[in-house]
Amino acid sequence: GLGSGLIRNNRLVHGAHTLAGEIGHATISLHGERCSCGNVGCLETFVSGKAIARRAKEQIEDAPENITAKDVYEQANRGNKSYRKILEESADYLAIGLINYINTVNPRVIVLGGGVMNSADIMMPLIKKHLRERVLIREAWDDLVLTVGQLGEDTTLLGAAALQLQSIFID
């Protein structure tokens, strides 16, 4: 999937119905794939690891049936242009979601993480290009810190633990 959260004053913002910051389920296409949430065209259906693998199977004739997003990245790194194109498309889709998020929330920092961002060397230049060109006002880009997180595969686990500790000791 594609998880996300919104942090303000070092605290997770939940919103009225605990949906604040949940950009993975923002609709970016009215004609996209059905998402696990039941909606159609969620950002998650375009940029998650499963979505990357699915597009590789659909678009690359000789792609193995059991291909993963990691395989796509490894093939792209070996110079295979078809696989690189899949990651570039993913960067384009992620940029659409981030542009909408920036224009709506106007954050100072965005930290991208998870397995898909292991391909940041390919995706980040395109994401940055799109953001620079399309955010509503220049200052929203100029003042933005866009980075890849350093927590690796443990991001979700550490986030869940932090939420639990916050509910025990702070709330």
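See the structure printed just above.
Residues numbered from 1 in each chain as written. Predicted model: local features only at pLDDT ≥ 70, side-chain atom pairs only at ≥ 80, totals over all residues. Heavy atoms only, no water.

Undergrad: So, the pairing of strand β3 (residues 109–112): which residues are in play, and what are the values?
TA: The alternating pattern of β3 places I110 and L112 on a buried face, while none of V109 and V111, on the opposite face, is buried. In this structure, β3 lies alongside strand β4 (residues 145–148), joined through 4 bridges in parallel fashion. Bridge pairing in β4 places V111 opposite T147. (Buried < 20%, exposed > 50% of the residue type's maximum accessible area, 1.4 Å probe, protein only. Helix = DSSP H or I, 4+ residues; strand = E, 2+ residues; numbered from the N terminus. Pairing = 2+ DSSP bridges.)

Undergrad: Account for the environment of I110, naming residues and giving values.
TA: Position of I110 relative to the elements: it lies in strand β3. Residue class for I110 comes out buried when judged on its relative accessible area of 7%. Expressed as a C-alpha distance, the spacing of I110 and T147, which sit 37 residues apart in the sequence, is 6.4 Å. Leave out the neighbours within four places in its chain, and I110 touches L98, Y101, I102, L144, V145, L146 and T147. (Contact = heavy atoms within 4.5 Å.)

Undergrad: Quick rundown of helix α4 (residues 81–105)? Include the residues and the values.
TA: Relative to the 36 Å expected for 25 residues at 1.5 Å per residue, α4 spans 35 Å between its end C-alpha atoms, a close match to the ideal helical length. Sitting at the head of α4, N80 places a side-chain oxygen 3.1 Å from the backbone nitrogen of S82. At the exit of α4 stands N106, carrying a positive phi of roughly 55 degrees. (Expected span 1.5 Å × (residues − 1). Polar contact = N/O pair within 3.5 Å; in protein donor to acceptor, adjacent residues only side chain to side chain.)

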